[in-house]
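# Reading the structure
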2 protein chains.
Amino acid sequence: MPGSANAALIKGLATKARLSEEDRSALAALPIDELHVQRGQDVLREGDRPSRSALLISGLTCSYKTLASGRRQITAFYHAGDVPDLQSLHLDVADNSILALVDSHIGYIRHRDLEDISAKYPTVSKALWRATLVDAAIYREWTTNLGQRDAMSRMAHLFCETLVKQQVIGLASGDSCMFPVTQAELADALGLSVVHVNRSLMELRASGTISFERAELIVHDLGALEKQGGFDRSYLHLRMDDHAPHKLK
Amino acid sequence: MPGSANAALIKGLATKARLSEEDRSALAALPIDELHVQRGQDVLREGDRPSRSALLISGLTCSYKTLASGRRQITAFYHAGDVPDLQSLHLDVADNSILALVDSHIGYIRHRDLEDISAKYPTVSKALWRATLVDAAIYREWTTNLGQRDAMSRMAHLFCETLVKQQVIGLASGDSCMFPVTQAELADALGLSVVHVNRSLMELRASGTISFERAELIVHDLGALEKQGGFDRSYLHLRMDDHAPHKLK
DNA sequence: CGGATCGTTGAGTTGTATCAAGACGGGTGG
DNA sequence: CCACCCGTCTTGATACAACTCAACGATCCG
């Protein structure tokens, strides 16, 4: 189905930047090579020099860094419509890897095509730039999350972020969404041990604010969860204006 | 002295992106309002909607976030030639504050002027974009640092980063540089308590790899420090080609 | 049925935080 | 010039959050 990849791109970008009709039709014409990657497969490896960026059409990916010690830090999760390595457009060698956490559908967009469209449509260029700036804002928030909050709050914060991101792209139903990560992956994202993730998770569940089973996150009390995580969505820089009221609380 | 601010900007950008002669002369003509800020003064506050970005001409600034709990996370340090809030060019409301850690000299560049120059000189636009991408890469590394390394290694990593950044802009003499931060500020950057920063610092000093007194960082054994911190400069995406061999090890 | 992955639990250890207090130095005002 | 204050650094004692190691249970799948 040609164009579905472009639709995902446009939808994702639209949550991060303003797109005119002209921008949309230009983006709709962008050539995108689609392919499937299986769970556990790397989409990009640290040190690569890609000539194209990977759009996530469906599924879930993360970027991560591996240390000499063998430890791993997940630095971000990406959902449908995100371009996890958009920065590779201008940063020649990748400083992180990207991994599919579940079977995913991705689309490759050649850097040359991105540069062409950027040159021709300044507002598209601005939108892409802005998308990378939003990613950066999220990294800042993660740094803060890891540096200042304890295990429970960190986890609550991550769950809030995940829910909101998916609500915005219409992948959540009410206050629940799919989040197919193992506790080991949560541990790597939160800078905690697996055991401690397990305990914090059970504590969160016991408090009645969330359920998290079989890859599904159900938030029973978003207010409580946001409070617990010190979550304030403004760092996501969402464009709420023309976005339908996705049950904005 | 007109132009010294522009020179700082060009020098800083040149470490992060390739600039043609044409780019340089365009940047040299950019209007920049200079002013001094005193130590402890905010250059920008979370929630602001600036219409200009702040170039750091001399001194030291950091970006930080304050939590409801009163805790604070420093998310980055900025040196001469950096533009700490360049992202505000496209991100309307600031999600962090910026603070002068010592008396500093900064220059304001109007967003309108940046947009004009970007429209006219695509390679300048690309250079600015790339500068924000390098910042993002550093945030990713910090997330990893906070999530995966223990106190000593975190600190070693930060010292390596600080030294290398200053070597690149010519502010270091050999393997030492000024780094006028208090231990409390280090604590906020590293996600540690002041007491623990003090102890880790003394341990680092005792190991003979560094000295850190009266705002001066002296690295006696860079190899050992890099090893301790698991430091690999590639995430800084430095352009080493036309940069004089600043004692590149 | 056996193996693999993932989640859960227990026990003991370690890294880091907190609280508290003293030491040092630079600046200010009497 | 001294006395004092304030910010910073240092040190000790204690508490706790999070880690490690180890084992077991539950699923799922071939």
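Criteria and cut-off values
- Residues numbered from 1 in each chain as written.
- Chains lettered and ligands numbered in written order.
- Predicted model: local features only at pLDDT ≥ 70, side-chain atom pairs only at ≥ 80, totals over all residues.
- Heavy atoms only, no water.
- Least-squares fit on C-alpha atoms with pLDDT ≥ 70 in both.
- Contact = heavy atoms within 4.5 Å.
- Salt bridge = Lys/Arg side-chain N within 4 Å of Asp/Glu carboxyl O.
- Helix = DSSP H or I, 4+ residues; strand = E, 2+ residues; numbered from the N terminus.
- Buried < 20%, exposed > 50% of the residue type's maximum accessible area, 1.4 Å probe, protein only.
- Core = buried A, V, L, I, M, F, W, Y, C linked by side-chain atoms within 4.5 Å.
- Buried area = accessible area lost by both parts, 1.4 Å probe.
- 1 Å grid on protein atoms, 1.4 Å probe; cavity = no way out; pocket = protein on both sides within 12 Å on 5 of 7 lines; lining within 4 Å.
- Points joined across faces, edges and corners; volume = space filled by probe spheres on them.
- Domains from an automatic or database assignment.
- Pairing = 2+ DSSP bridges.
- Axes fitted to C-alpha atoms, helices over the stretch in contact; angles between N-to-C directions.
- Near = heavy atom within 4 Å.
- Polar contact = N/O pair within 3.5 Å; in protein donor to acceptor, adjacent residues only side chain to side chain.

## So, the relation of the copies chain A and chain B
For the pair chain A and chain B, the superposition axis carries a translation of 0.0 Å, the fit reaches an RMSD of 0.0 Å, and the rotation angle comes to 180 degrees. Expressed as an axis order, the relation between the two copies is that of a two-fold axis. The fraction of interface residues of chain A whose copies in chain B are also interface residues reaches 100%, indicating that both copies meet through the same surface.

## Re the pattern of salt bridges
A full pass over the atoms with the stated rule returns 24 salt bridges over all chains. Among the salt bridges present, the one from R140 of chain B reaches D95 of chain A, with a minimum N-O distance of 3.0 Å. Residue R140 of chain B is located in helix α4 (residues 122-148), and its partner D95 of chain A is located in the loop between β5 (72-78) and β6 (97-100); the two belong to separate chains. Residue class for R140 of chain B comes out buried when judged on its relative accessible area of 1%. Look at the salt bridges and you will find they share partners, linking K65 and D95 of chain A together with R140, E141 and R149 of chain B into a network.

## Considering the nonpolar core
F77 and F159 of chain A together with F77 and F159 of chain B are the most contacted members of the largest nonpolar core, which has 137 residues in total. Not counting residues up to four positions away in its chain, the partners in contact with F77 of chain A are L60, T61, C62, D82, L101, W142, L158, K165, F179, V181 and A189 of chain A. V43 and A76 of chain A together with Y78 and I98 of chain B belong to the second-largest nonpolar core, a separate cluster that totals 28 residues.

## Some details on the environment of G230 of chain A
Residues and elements named next belong to chain A. For G230, the position within the fold is in the segment after α8 (222-229). With 103 residues separating them along the chain, G230 and A127 place their C-alpha atoms 29 Å apart. When residues no more than four places from it in sequence are discounted, the contact partners of G230 are R149 and H157.

## What to know about the interface of chain A and chain B
Across the boundary between the two partners, chain A contributes 38 residues, which contact 38 residues of chain B. Interface area for chain A against chain B, summed over the two sides, is near 3,800 Å², with a carbon-plus-sulfur share of 62%. Contact with chain B buries surface across chain A, with W129, R140 and Q148 of chain A losing the most and accounting together for 23% of the total. Between E141 of chain B and K65 of chain A there is a salt bridge whose closest N-O contact spans 2.6 Å. Of all the elements in the fold, those that place two or more residues in the side of chain A that touches chain B are β5 and α4 (122-148) of chain A.

## Some words on the layout of surface pockets
The space that makes up the largest pocket amounts to roughly 980 Å³. In terms of lining residues, the largest pocket is bounded by 36 residues, among which H90 of chain A together with P122, S125, K126 and W129 of chain B are the most central. Counting residues per element, the ones that place at least two in the lining of the largest pocket are α3 (111-120) and α4 of chain A together with α3 (111-120) and α4 of chain B. No other element matches the seven residues that α4 of chain B contributes to the lining of the largest pocket.

## Here we look at the domain arrangement of chain A
All names here are of chain A. When cut into domains, chain A gives domain 1 (4-141) and domain 2 (149-236). Computed over C-alpha atoms only, the centres of domain 1 and domain 2 are separated by 23 Å. Taken together, the contacts link 16 residues of domain 1 with 20 residues of domain 2. Summing both sides of the interface, domain 1 and domain 2 together bury roughly 1,700 Å²; the carbon and sulfur share of this comes to 62%. Broken down residue by residue, the surface that domain 1 buries against domain 2 is led by F77, H79 and E141, which jointly contribute 35%. In this assembly, domain 1 and domain 2 are joined by two salt bridges. With its nearest N and O atoms 3.2 Å apart, the salt bridge here joins R149 to E141.

## Topic: the sheet that holds strand β4 (residues 61-66) of chain A
All names here are of chain A. Read across the sheet, four strands follow the order β2-β6-β4-β5 without closing on themselves; strand pairing throughout is antiparallel. Looking at the sheet topology across the chains shown, the edges are occupied by β2 (42-44) and β5. Direction aside, the axes of adjacent strands within the sheet are offset by 35 degrees on average. As paired elements, β4 and β5 share six bridges and run antiparallel to each other. Considered in β5, the bridge of S63 is made with A76.

## Digging into the protein's contact with DNA strand C
R39, Q183, N198, R199 and M202 of chain A are the nearest of the 16 residues found near DNA strand C. Within 4 Å of the protein, the atoms of DNA strand C are drawn from sugar and phosphate moieties in a proportion of 65%. Measuring from a phosphate oxygen of DNA strand C, one finds a side-chain N or O atom of R39 of chain A at 2.6 Å. Between DNA strand C and S193 of chain B there is a distance of 2.8 Å, counted from a phosphate oxygen to a backbone nitrogen or oxygen. For the surface near DNA strand C, the elements supplying multiple residues, two or more each, are α7 (194-206) of chain A together with α7 (194-206) of chain B.

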